[in-house]
Amino acid sequence: MNNDIERVLYSEEEINRRMDELAKQLTAEYREQRPLIISVMTGAVLFTVDMIKRMDIMAKLDFIDVSSYYGGTSSTGEVKLVQDLKSDIRGRSILIMEDIVDTGHTLKFLIELLKERGAKSVKVCTLLDKPEGRQVEVKADYVGFNVPNEFLVGYGLDYKGYYRNLPYVGILKPAVYEKD
Ligand code: PRP
Ligand code: MN
Ligand code: MG
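Residues numbered from 1 in each chain as written. Chains lettered and ligands numbered in written order. Predicted model: local features only at pLDDT ≥ 70, side-chain atom pairs only at ≥ 80, totals over all residues. Heavy atoms only, no water.

### Structural notes on the nonpolar core
Phase 1 of the analysis: Ranked by size, the top nonpolar core spans 27 residues in total, and within it Phe47, Met51, Cys125 and Leu128 carry the most contacts.
Phase 2 of the analysis: Mapped onto this core, the elements with two or more residues apiece are β1 (5-10), α1 (12-29), α2 (45-52), β5 (93-101), β6 (121-129), β7 (142-146) and β9 (169-172).
Phase 3 of the analysis: It is α1 that contributes the most residues to this core, five residues altogether.
Phase 4 of the analysis: Filtering out sequence-adjacent residues up to four positions away, Met51 remains in contact with Met19, Leu22, Ala23, Leu26, Met97 and Cys125.
Phase 5 of the analysis: Counting residues in hydrophobic clusters, the runner-up holds 23 residues, among them Leu85, Leu110, Leu114 and Val124. (Core = buried A, V, L, I, M, F, W, Y, C linked by side-chain atoms within 4.5 Å. Buried < 20%, exposed > 50% of the residue type's maximum accessible area, 1.4 Å probe, protein only. Helix = DSSP H or I, 4+ residues; strand = E, 2+ residues; numbered from the N terminus. Contact = heavy atoms within 4.5 Å.)

Pasting the structure below:
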């Protein structure tokens, strides 16, 4: 699996260090709010579990599964709700956890959905932000790293469902997806 990676962009150590900083900020922000943390499956699951262990707050955890890439390298722009939340979110302070914001379609869809359902506030924490990829206007409140316009895998990010379990974020060798 490591052979398919052209270059490591963020090592496990760098990700850990950045998560310590982000978690400190989020702990301060949510100390008195008891947020509902919503992890966007599947990509954000690794980031979510590693972050919540670092946050000294009272929070609930829920998952939502939305998809727009269907495993490939480019967004279809059409976001599908694959599996809904368990929680009632009316009046709740929501913190969405994402692995990456690229075109922005996924996040826009989620924020609109949560606001429609009566969330009190919706904030977003993403490990990676790719501003050059943006097709719709949407912003994350907490960003781990701003990334270049490359196809990335690892630490939750996949190509055709694989590479999520890499402990780092790297650039996939174009040869891997060109032959498909
Ligand atoms: C990826 C990623 C984000 C979203 C970002 O999810 O995990 O959720 O795309 O892209 P966007 O800003 O262009 O919408 P994907 O749809 O691949 O599902 P997955 O998390 O199950 O891999
Ligand atoms: Mn995702
Ligand atoms: Mg994906």
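### Section: the packing of α1 against α2
Phase 1 of the analysis: Orientation of α1 relative to α2, taken along the N-to-C sense of each, is 65 degrees, at an axis distance of 10 Å. As α1 runs across α2, the sense of the crossing is right-handed. Judged by residue contacts, Met19, Leu22, Ala23 and Leu26 of α1 engage Phe47, Asp50 and Met51 from α2.
Phase 2 of the analysis: Grouping the constituent residues of the contact of α1 with α2 by class yields six nonpolar, no polar and one charged. (Axes fitted to C-alpha atoms, helices over the stretch in contact; angles between N-to-C directions. Left-handed = near helix turned anticlockwise from the far one by under 90°. Nonpolar A, V, L, I, M, F, W, Y, C, P; charged D, E, K, R; others polar.)

### Some remarks on the layout of surface pockets
Phase 1 of the analysis: The calculated volume of the largest pocket comes to roughly 700 Å³.
Phase 2 of the analysis: For the lining of the largest pocket, the secondary-structure elements that each account for two or more residues are β2 (36-41), β3 (60-67), β5 and α3 (105-116).
Phase 3 of the analysis: Top element by residues in the lining of the largest pocket is β5. It accounts for four residues.
Phase 4 of the analysis: Class assignment of the residues belonging to the lining of the largest pocket gives a composition of 12 nonpolar, 17 polar and eight charged. (1 Å grid on protein atoms, 1.4 Å probe; cavity = no way out; pocket = protein on both sides within 12 Å on 5 of 7 lines; lining within 4 Å. Points joined across faces, edges and corners; volume = space filled by probe spheres on them.)

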